[in-house]
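Okay, here's what each chain looks like letter by letter:
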Amino acid sequence: MSIDTRPEAPAVSPAIRRRGAAARRRKSWGNPLAGLGSLVWLVIVVVPLYTLISSSLMHQDEALNGDPLAFPTHPTFDNYNTVLHSGFSTMLVNTAIVAASTVAIVLLLSVPVAYVAVRTRSRLSSLAFRTFLLGVAIPAQAVIVPLYLLIGKMGLYDTLPAIILPTAAFAMPVAVLVLSGTMRDVSEEMYEAMSLDGATPLRMLWQLAVPMSKGGISTVAIYTALQAWNGFLFPLILTQSEENRVLTLGLFNFMTQFGVNIPAVLAAIVLSVVPIFAVYLVARKALVNGLMGVGGK
């Protein structure tokens, strides 16, 4: 006959049992308040999108007099056909050229500037970094008149570079700020290790800082592309011809002295949103990581 010599389990008080049961119930039910907030936010996002798409399928009289939340009684794609036959492809190409060129210029200049600001301790680099940050506080409207005169003196008026260069200039301060913060996450030991191996500063930039800052670079690229894609002030002031018109100005094609073709405007908005939304879907993970400050991790 064997004797059980194992120690008895300590008694659990009723209060501890109740707390444990409450914790298990909270875990099984989740966070109702967070779920309710998510549902409200989903409604706020989905309802305007639904209204945008459904109204773009309506006739003009139904869009003016009908219920904007109701599905069109007789859906039609005539509005999209009108947009596609009103020079939309030219405006789309121009906008894509402006966005891609702006992103290329901003990345080509802001990456080295941010690297120098992080790795150099001289007064000159600190002054340059602060000068770039000063640009965040200067609105485009404050300099549009001298910018118009400068573009005219350079012979760039009514050209795509007249849109690209100012857009890139105003995107640079935020780009340098984001990239400098991302590059500071790269540990000093990694820079020292490459330096001991005989790496030059240029090699450390392209083989260490840039690969470790992909999240920040993706964030800057998407932010700059959105800013260039949705830009309105510079195309309005610095261009005038049809062949250099971008999507934001193309909406004026559906506005006359007698009214606005609302379904056609909404159809043009839907078509203009699709390309930049596709870019966001591809790079959304890198964008979120960069905004959370963990792009270099």
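First, a word on what this report is: a plain description of the structure on this page. In this text, all values refer to a predicted model and were calculated from it rather than measured experimentally. (Residues numbered from 1 in each chain as written. Predicted model: local features only at pLDDT ≥ 70, side-chain atom pairs only at ≥ 80, totals over all residues. Heavy atoms only, no water.)

## So, the pattern of salt bridges
Throughout the structure, instances matching the rule amount to two salt bridges. The closest approach of N and O atoms between Glu188 and Arg119, which form a salt bridge, is 3.0 Å. In this pair, Glu188 sits in helix α9 (residues 188–196) while Arg119 sits in helix α5 (residues 88–119), placing the two residues 69 residues apart along the sequence. In this structure Glu188 comes out as partly exposed when scored by relative accessible area, which is 37%. Exposure remark for Arg119: the relative accessible area of 26% places this residue in the partly exposed category. In this structure, Arg245 engages Glu242 in a salt bridge whose closest nitrogen and oxygen atoms are separated by 3.4 Å. (Salt bridge = Lys/Arg side-chain N within 4 Å of Asp/Glu carboxyl O. Helix = DSSP H or I, 4+ residues; strand = E, 2+ residues; numbered from the N terminus. Buried < 20%, exposed > 50% of the residue type's maximum accessible area, 1.4 Å probe, protein only.)

## Topic: helix α7 (residues 144–153)
Ile144, Leu147 and Ile151 are the residues of α7 that are buried. The buried side chains of α7 occupy one side of the element, clustering within an arc of 60° when seen end-on. Exposed side of α7, more than 90 degrees from the buried face: Val145, Leu149 and Lys153 are the residues found there. In this fold, the buried residues of α7 make contact with α8 (161–183) and α12 (233–238). Gly155, located one to two residues past α7, shows a positive phi value of around 75°. (Arc of directions from axis to C-beta. Contact = heavy atoms within 4.5 Å.)

## Quick word on the packing of aromatic side chains
Centre-to-centre distance and the angle between the planes together describe a pair of aromatic rings. Tallying each qualifying case throughout the model produces four aromatic pairs. With a centroid separation of 6.1 Å and an interplanar angle of 45°, the aromatic rings of Phe77 and Tyr80 are classed as tilted. Exposure remark for Phe77: the relative accessible area of 60% places this residue in the exposed category. Judged by its relative accessible area of 14%, Tyr80 falls in the buried class. Taking 5.7 Å as the distance between ring centres and 85° as the angle between the ring planes, the aromatic pair formed by Tyr148 and Tyr157 counts as edge-to-face. (Phe/Tyr/Trp six-rings, centres within 6.5 Å; stacked < 30°, edge-to-face > 60°.)

## Observations regarding the packing of helix α6 (residues 123–134) against α8
Packing of α6 against α8 leaves a shortest axis separation of 7 Å and a crossing angle of 125°. By the angle between their directions, the pair α6 and α8 is classed as oblique. As for the relative orientation of α6 and α8, their crossing is left-handed in sense. Facing Phe129, Phe132 and Leu133 of α6, the residues of α8 in contact are Met172, Pro173, Val176, Leu177 and Ser180. (Axes fitted to C-alpha atoms, helices over the stretch in contact; angles between N-to-C directions. Parallel < 35°, antiparallel > 145°, perpendicular 65-115°, else oblique. Left-handed = near helix turned anticlockwise from the far one by under 90°.)

## Let's talk about the packing of α8 against helix α11 (residues 214–229)
When two helices pack together, their arrangement is given by the angle between their axes and by how far apart the axes lie. At a minimum axis distance of 9 Å, the contact between α8 and α11 shows a crossing angle of 160°. Relative to α11, the element α8 lies roughly antiparallel. Crossing geometry of α8 relative to α11 is assigned as right-handed. On the side of α8, the interface is formed by Thr167, Phe170, Ala171, Val174, Ala175, Val178, Leu179 and Thr182, while α11 contributes Gly216, Ile217, Val220, Tyr223, Thr224, Gln227 and Ala228. The residue makeup of the contact of α8 with α11, split by class, is ten nonpolar, five polar and no charged. (Nonpolar A, V, L, I, M, F, W, Y, C, P; charged D, E, K, R; others polar.)

## A closer look at the nonpolar core
If you look at the biggest cluster of nonpolar residues, it comprises 32 residues, and the most contacted ones within it are Val98, Leu147, Ile151, Ile163, Phe234 and Leu238. Secondary-structure elements contributing two or more residues to this core are α4 (78–84), α5, α7, α8, α11, α12, α13 (247–250) and α14 (262–291). Contacts of Phe234, omitting those with residues within four sequence positions, involve Ala140, Ile144, Leu147, Ile163, Pro166, Thr167, Phe170 and Thr239. One finds Val111, Ala114, Val186 and Leu208 within the second-largest nonpolar core, a separate group that totals 25 residues. (Core = buried A, V, L, I, M, F, W, Y, C linked by side-chain atoms within 4.5 Å.)

## Details of empty space enclosed by the protein
Enumeration over the complete set of coordinates arrives at two cavities of 30 Å³ or more. At the level of elements, α5, α11 and α13 are the ones that each hand at least two residues to the lining of the largest cavity. Partitioning the lining of the largest cavity into residue classes produces seven nonpolar, three polar and no charged. (1 Å grid on protein atoms, 1.4 Å probe; cavity = no way out; pocket = protein on both sides within 12 Å on 5 of 7 lines; lining within 4 Å. Points joined across faces, edges and corners; volume = space filled by probe spheres on them.)

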